Amino acid sequence: MEQEVVKLRCHRIGCNATFTEDDNPEGSCQYHDAGPIFHDGIREWSCCKKRSYDFTLFLEIPGCKTGKHTTEKPVLAKVTASPKKPIPPPTAATTTNLSSKESCPRCKQGFFCSDHGSQAKQAPLARSNVGTQGSSAPPKKVIDINEPQTCRNQGCGKTFKEKDNHETACSYHPGPAIFHDRLRGWKCCDIHVKEFDEFMSIPPCSKGWHNADPAS
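The protein chain goes by CHORD domain-containing protein in an unreviewed UniProt entry, where it is assigned to Manihot esculenta.

Novice: Mind laying out the overall build of the protein chain, listing which residues take part and the relevant values?
Specialist: Along the protein chain, the regular secondary structure elements total five helices and 14 strands. In the protein chain, which comprises 216 residues, the share counted as buried stands at 35%. The contacts in the protein chain between residues at least 6 apart in sequence include a share of 51% that link residues at least 24 apart. Here the protein chain displays about 13700 Å² of accessible surface, and carbon together with sulfur accounts for 49% of that area.

Novice: Let's hear about the packing of aromatic side chains: which residues, and what values?
Specialist: Within the structure shown, the criterion is met by seven aromatic pairs. Taking the centre distance of 4.8 Å and the plane angle of 15° together, the rings of Trp45 and Phe58 count as stacked. Of the two residues, Trp45 is situated in strand β5 (residues 42-45) and Phe58 in helix α1 (residues 55-59); the sequence distance between them amounts to 13 residues. By relative accessible area, Trp45 is classed as buried at 2%. For Phe58, a relative accessible area of 0% corresponds to the buried category. Ring centres of Phe55 and Phe58 lie 6.5 Å apart, and the angle between their planes is 35°; this geometry places the pair in the tilted category. Of this pair, Phe55 and Phe58 both sit in helix α1, three residues apart, roughly one helical turn. In this structure, Phe55 and Phe58 share a single accessibility class: buried.

Novice: Go over the environment of Lys65 with me, naming the residues and quoting the values.
Specialist: Position of Lys65 relative to the elements: it lies in strand β7 (residues 65-67). When its relative accessible area of 35% is taken as the criterion, Lys65 is described as partly exposed. Placed 18 residues apart in sequence, Lys65 and Cys47 show a C-alpha to C-alpha distance of 9.0 Å. Residues within four places of Lys65 in sequence aside, it is in contact with Cys29, Gln30, Tyr31 and Asp33.

Novice: Give a description of the sheet that holds strand β12 (residues 183-186) that names residues and reports values.
Specialist: Read across the open sheet, the three strands follow the order β11-β12-β13; overall the sheet is antiparallel. If you trace the sheet from one side to the other, it starts and ends with β11 (177-180) and β13 (191-193), each paired once. Taken over all neighbouring pairs, the strand axes of this sheet differ in orientation by 20° on average, direction set aside. Two strands pair when backbone bridges link them, and β12 and β13 are joined in this way by three bridges, in the antiparallel orientation. Among the inter-strand pairings, Gly185 is bridged to a residue of β13, identified as His192.

Novice: Tell me what's going on with the pairing of β11, and back it up with residues and numbers.
Specialist: The side chains of a regular strand alternate, residue by residue, between the two faces of the sheet. Side-chain alternation along β11 places Ala177 and Phe179 on a buried face and Ile178 and His180 on a face that remains uncovered. With four bridges connecting them, β11 and β12 associate as antiparallel partners. Among the inter-strand pairings, Ile178 is bridged to a residue of β12, identified as Gly185. Linking two consecutive strands that pair antiparallel, namely β11 and β12, is a turn of two residues; a positive phi of about 50° is found at Asp181 within it.

Novice: Which residues make up unusual backbone geometry, and what values go with them?
Specialist: Residue Pro176 is bonded to the preceding Gly175 through a cis peptide linkage, with omega at 0°. Secondary-structure assignment places Pro176 in the loop between β10 (170-172) and β11. If you check the backbone angles, Lys49 has positive phi at about 65° while not being a glycine. Mapped onto the elements of the fold, Lys49 is located in the loop between β5 and β6 (51-52). On the basis of relative accessible area, Lys49 is assigned to the exposed category, the value being 54%. The phi dihedral of Asp190 falls on the positive side, at around 55°, and the residue is not glycine. Of note, Asp190 is situated in the loop between β12 and β13. By relative accessible area, Asp190 is classed as exposed at 59%.

Novice: Residue-level account of the environment of Val5, with values.
Specialist: Inspection of the secondary structure assignment puts Val5 in the segment before β1 (8-9). Residue Val5 is classed as exposed on the basis of its relative accessible area of 57%. Distance in space between the C-alpha atoms of Val5 and Glu21 is 9.2 Å, their sequence separation being 16 residues.

Thresholds, definitions, all that
- Residues numbered from 1 in each chain as written.
- Predicted model: local features only at pLDDT ≥ 70, side-chain atom pairs only at ≥ 80, totals over all residues.
- Heavy atoms only, no water.
- Helix = DSSP H or I, 4+ residues; strand = E, 2+ residues; numbered from the N terminus.
- Buried < 20%, exposed > 50% of the residue type's maximum accessible area, 1.4 Å probe, protein only.
- Contact = heavy atoms within 4.5 Å.
- Areas by Shrake-Rupley, 256 points an atom, 1.4 Å probe, with all protein chains shown as cover.
- Phe/Tyr/Trp six-rings, centres within 6.5 Å; stacked < 30°, edge-to-face > 60°.
- Pairing = 2+ DSSP bridges.
- Axes fitted to C-alpha atoms, helices over the stretch in contact; angles between N-to-C directions.

Here's what the structure looks like:
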């Protein structure tokens with residue numbers, strides 16, 4: 001009887017792939033070997049100095065080191081630079097924008113929105129090539145409902161199609177992320193941990209629409 005292959009989860013920061021003991025060649029793992037720095041609204045990997053203001057894009061920065069996958073918890077290099085006080089939440093504007101039709105990315109794309117249901121009535125005007133005075137926020141692009149997109153909501157990152165999108169399709173953190181006095185966490189669910197990999201494992205606390213183009 002053939003023995004079942006056991007897949008393991010790599011614990012390196014920036015990898016998180018699955019592997020087997022028999023299929024783990026050198027160079028198969030791409031990861032970061034030093035912790036992140038959060039200061040003045042900027043997220044930066046201290047090992048490769050790559051940075052981003054957007055938290056979701058920051059997490060997508062590919063690792064700068066290669067090696068073998070491992071199940072051992074990584075020991076990250078010490079990061080001396082750290083903020084002495086809480087960083088002003090960079091995503092606070094998103095919560096405010098969701099109350100406005102003009103700033104809602106779903107309304108701008110002409111899709112139905114549970115928060116601003118009446119906006120769907122303006123969709124035919126928004127998709128027209130002729131400029132209209134009644135549409136204050138025409139869409140930047142027209143989305144094919146069958147086109148695969150990547151959700152940019154914090155804590156999600158899944159691929160979805162607009163035809164399958166609905167008000168509970170996405171599990172995410174509305175945020176903001178809090179980094180203060182060696183603690184990492186989410187203000188939305190009031191969970192704080194000490195290790196960055198533990199922070200990445202905090203399960204999402206909210207549900208809503210997948211969003212490939214969140215308001216900034």
